[in-house]
Amino acid sequence: MLNAKPVPVPKLDAATDAKLSQQAVPQGRAGKVDGAAGSMRQQGPIKALADPGASAATWSSTSSPPGATSGKVFFVGADGGNYVCSGSTVNSGGKNLVFTAGHCVSNGSGTWYNSAPWTFVPGYNNGNAPYGRWTARQLWTRPAWHNGANRAEDIGAAVMSTNAGGTRIVDYVGGQGIEWNYPLSQYQFQFGYPSRTPFNGQILKYCTGQSYSDGGHNGINCNMTEGASGGPWLDDFDGTFGWLDSVNSWVFWNSSGVRYKWNGPYFGNNARDFYNAIANL
């Protein structure tokens, strides 16, 4: 785990950029599913909720969501290398879902990252796994990502196996809510495990800010680096629970290599249909 490196983020090309600009608008009726608490000890909302803006701060607690629902992802890539992403549990009927980016489950050219156990470590902190290591029994993404690397569909999820005691992951650590067909402009708490300098991927970080239409894409200003891919954007976050509104998908940097902005896929009917297909697995 310590030697795993961040998965490369998707590349931008003009044709995909133009296609995305036409798609990132509400496509139907807004909907949401509420989050759910787990059985492990959980605190209430953090009373003094820090607002770091675009300069990523450390989320100090792993004893309750989102520290317990967020986690680090480990998998073997198509090239045989060990890679990391970020992710979050999401509440559903099956109580088994971890959401992440599509490029954290598939290379976009038809290859799944399931040659070795795809592993999620909720609450990961400096090598510690306070709630255990959970392995996936199924990986899912949208067909347009899996077969064509369409970044508008860069949504991924894993259906997790139960732990050794037969407990489902959301029943144990809790799960965030999820929403779709909401406006692009929402006040977001954005989480992830950035691994590239100046971060080391060993602790959960977060940014805050108003998301916006970035050429039709879902944009937010944040200096988290690669490794944060797949981390959740939580709308209407109360310090413990919110609603998954997007995930970290691709990052932008300036001429000095400083990361300053992330984009994520817009959660419209695509996210609704994706969630409904896997909610009870």
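Values in this document were obtained by computation on a predicted structure and should not be read as measured data.

J.: Please set out the overall build of the protein chain residue by residue, giving values where relevant.
T.: Of regular secondary structure, the protein chain possesses four helices and 18 strands. Looking at the protein chain as a whole, 57% of its 281 residues qualify as buried. In the protein chain, of all internal contacts separated by at least 6 residues, the share reaching a separation of at least 24 is 72%. Accessible surface, the protein chain as shown: approximately 10700 Å² in total, 48% of it carbon and sulfur.

J.: Kindly report on the state of the cysteines, identifying the contributing residues and their values.
T.: If you walk through the whole model with that rule in mind, you get two disulfides. Between the sulfur atoms of Cys85 and its disulfide partner Cys104 the distance amounts to 2.1 Å. The sign of the -80° torsion about the S-S bond sets the Cys85-Cys104 disulfide as left-handed. Pair noted here: Cys85 is in strand S5 (residues 82-90) and Cys104 is in the loop between strand S6 (97-100) and strand S7 (119-122), with a separation of 19 residues, a long-range link. Cys104 carries the same exposure label as Cys85, and that label is buried. Here the protein chain pairs its bonded cysteines, counted in sequence order, in the arrangement 1-2, 3-4.

J.: So what's going on with the packing of aromatic side chains? Which residues, and what values?
T.: Per the counting criterion, the structure on display carries 16 aromatic pairs. On the numbers, 6.1 Å between centres and 70° between planes, the contact of Tyr187 with Phe189 is edge-to-face. Residue Tyr187 is classed as partly exposed on the basis of its relative accessible area, which comes to 33%. Assessed through its relative accessible area of 6%, Phe189 is described here as buried. With 5.7 Å between their ring centres and 20° between their planes, Phe191 and Tyr206 make a pair best called stacked.

J.: If you had to explain the nonpolar core to someone new, which residues and values would you point to?
T.: Ranked by size, the top nonpolar core spans 50 residues in total, and within it Phe99 and Trp118 carry the most contacts. Of all hydrophobic cores here, the second largest spans 10 residues; its members include Cys207, Cys222, Met224 and Trp233.

J.: Describe the sheet that holds strand S2 (residues 31-33), naming the residues involved and giving the relevant values.
T.: If you walk across this open sheet you meet the seven strands as S2-S10-S16-S15-S11-S12-S3, and the pairing is mixed. Of all strands in the sheet, those with a lone pairing partner are S2 and strand S3 (57-58), marking the two edges. Of the pairings in the sheet, the one linking strand S11 (residues 187-192) to strand S12 (residues 205-210) comprises six bridges and is antiparallel in character. The residue of S12 that forms the bridge with Phe191 is Tyr206.

What counts as what
Residues numbered from 1 in each chain as written. Predicted model: local features only at pLDDT ≥ 70, side-chain atom pairs only at ≥ 80, totals over all residues. Heavy atoms only, no water. Helix = DSSP H or I, 4+ residues; strand = E, 2+ residues; numbered from the N terminus. Buried < 20%, exposed > 50% of the residue type's maximum accessible area, 1.4 Å probe, protein only. Contact = heavy atoms within 4.5 Å. Areas by Shrake-Rupley, 256 points an atom, 1.4 Å probe, with all protein chains shown as cover. Disulfide = S-S within 2.5 Å. Phe/Tyr/Trp six-rings, centres within 6.5 Å; stacked < 30°, edge-to-face > 60°. Core = buried A, V, L, I, M, F, W, Y, C linked by side-chain atoms within 4.5 Å. Pairing = 2+ DSSP bridges.

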